[in-house]
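One letter stands for each residue in the lines below.
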Amino acid sequence: MGPSSPVAFVDPRTIVLLTGVMGGLMAVVLFFLRRNYPASVRGLSHWAGGTALLFMAGLTAATRGILPDLFGISVANLLTFSGVYLQYFGSQHFFGLKPRFWPRYAVIVAMTLLSTWFLVADPQYRVRLMISTVVLAWLFSAHARLIHVHGVRSFAYRMAIAVLVCSFLSQVLRLATAWLLPLGTGILDNTPQNLVYVISYPFLMLLTAISLVLMATDRVRAEFEHLASHDSLTNALSRRNLTDICQQELDRCNRHGRMMSVLLIDIDHFKSINDNFGHQAGDQVLVQFVQSVKTLLRSADVIGRIGGEEFVVLLPETPLDVALVVAERIRATVAQSSKPQKITVSIGVTTNRPQNDSVDELMARSDRAMYQAKANGRDQVVRI
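Described below are features of the structure shown in this document.

Rules of the game
Within any chain, residue numbers begin from 1 and follow the written order of that chain's sequence. Thresholds applied to this predicted model are a pLDDT of at least 70 for local features of residues and 80 or more for the giving and counting of side-chain atom pairs; totals over whole chains, interfaces and linings are not thresholded and use all residues. With hydrogens and water stripped out, all remaining heavy atoms of the structure feed into the side-chain values. Each residue is placed in one exposure class: buried if its accessible area under a 1.4 Å probe, protein chains only, is under 20% of its type's maximum, exposed if it is over 50%, and partly exposed if it falls in between. The helix count covers DSSP runs of H or I at least four residues long, the strand count covers runs of E at least two residues long, and both are numbered beginning at the N terminus. We call two strands paired when DSSP finds no fewer than two bridges between them. Residues enter a nonpolar core if they are buried and are Ala, Val, Leu, Ile, Met, Phe, Trp, Tyr or Cys, with the set joined through side-chain atoms within 4.5 Å. Contacts between residues were defined by any pair of non-hydrogen atoms, one from each residue, lying within 4.5 Å. By convention in these notes, a salt bridge is any Lys or Arg side-chain nitrogen within 4 Å of a carboxyl oxygen on Asp or Glu.

Glancing now at the pairing of strand S3 (residues 310-316). The buried fraction of S3 is high, at seven of seven residues. Because side chains alternate across S3, one face comprises the buried residues Glu 310, Val 312, Leu 314 and Pro 316, and the other comprises Phe 311, Val 313 and Leu 315, equally buried. Judged from the seven bridges that link them, strand S1 (residues 260-267) and S3 form a sheet pairing that is antiparallel. The residue of S3 that forms the bridge with Val 262 is Leu 314.

Set out below in structure tokens:
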């Protein structure tokens, strides 16, 4: 190729080294995320490790022609396959799956050994190229499918899928051009199709790492939002969030002439549970209570904790007679299922009134009804 050709000024070795450097920088970013993000965000260690392996792969591949091919090609391939696989493995942990590492990795090692055979014993670059592109295409497609199935529909997840699909297509295109255009002898060749691949690869790897960082950040943001709107012990709605939802539902009822019901529930003699069995037992009672109530509610119903052992259940589109049935079902279920301490609840029930009603008035009426239930002997339902 003549010196006047624009691609002559592109040095593949420099680009391969650049790939390694960018991988190293992103590995450092992922490592610090792992140290500073909550332990509930899983997979960060694998993402950091996989990106670090891609950093090492770039540096190793750049030694081709300087060190023996067994190092510059076979070891570089193994590091690349391992890095991409470890990122995929990390995403499986990120989504709460429990995958087995070795079955798939055994396939990767076997394919690397097969590629090494066609490097040392029976040199055939086209076969080695087919092996590497098939392995990478397999890993990229599996990773994209994993995020598509388990990820939420946000920018971070869509970006990760798009980048992985592009990475998969780049491998397919590389395999196709190997049969249609001059092949060359390796990744450091100056053939146009090889340069396109070598130039696009580091950017795709960088974008993959960035999308993983965004996914982790998205998860942390979602967890913080959940903590801000839910009680940390029972996972019931917080008082503030419950009030906002009640206000929205009350406004809707006022606009359309609908009915909603509110249940204020208090666990009877809860102080004695803490005094006799300890606060840990009391916490267990609260958690068990919320879990029991949730099994009796519709998807549109919500339960919130407004303080101590007091909870509110909001029942949209529910008249008073139906709300009383739900309240009685809650009272009976709690009395039957509470273990190891026998607990009962007192429940006050009310519904919205046409016009000029407010959330504070709803809560005040249900509170009066609940205290009437306690005055009547507890373990019962009273309506106002």
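A few words now on the nonpolar core. If you look at the biggest cluster of nonpolar residues, it comprises 46 residues, and the most contacted ones within it are Trp 47, Tyr 85, Phe 94, Phe 95, Ile 147, Tyr 157 and Met 215. Contributing elements (two or more residues each) for this core: helix H1 (12-36), helix H2 (44-61), helix H3 (69-94), helix H4 (102-120), helix H5 (125-150), helix H6 (155-180) and helix H7 (192-229). Sort the elements by how many residues they give to this core and H7 lands first, with 11 residues. Among all residues touching Phe 94, those that are not within four sequence positions of it are Val 41, Arg 42, Gly 43, Trp 47, Tyr 157, Met 215, Ala 216 and Arg 219. Among the nonpolar cores identified, the runner-up in size contains 25 residues, and Ile 267, Phe 311, Val 326 and Val 334 belong to it.

Under the defined criterion, the tally for this structure stands at 13 salt bridges. For Arg 221, the salt bridge is made with Asp 218, and the minimal N-O distance between the two is 2.8 Å. Here the residue Arg 221 and the residue Asp 218 both occupy positions in helix H7, the gap between them amounting to three residues, near one helical turn. Its relative accessible area of 14% is what places Asp 218 among the buried residues. The salt bridge partner of Asp 357 is Arg 365, with a shortest N-O separation of 2.8 Å. Overall, Arg 365 belongs to the buried group, its relative accessible area being 4%. One salt-bridge network, held together by shared partners, links Glu 249, Arg 252, Arg 258 and Glu 317.

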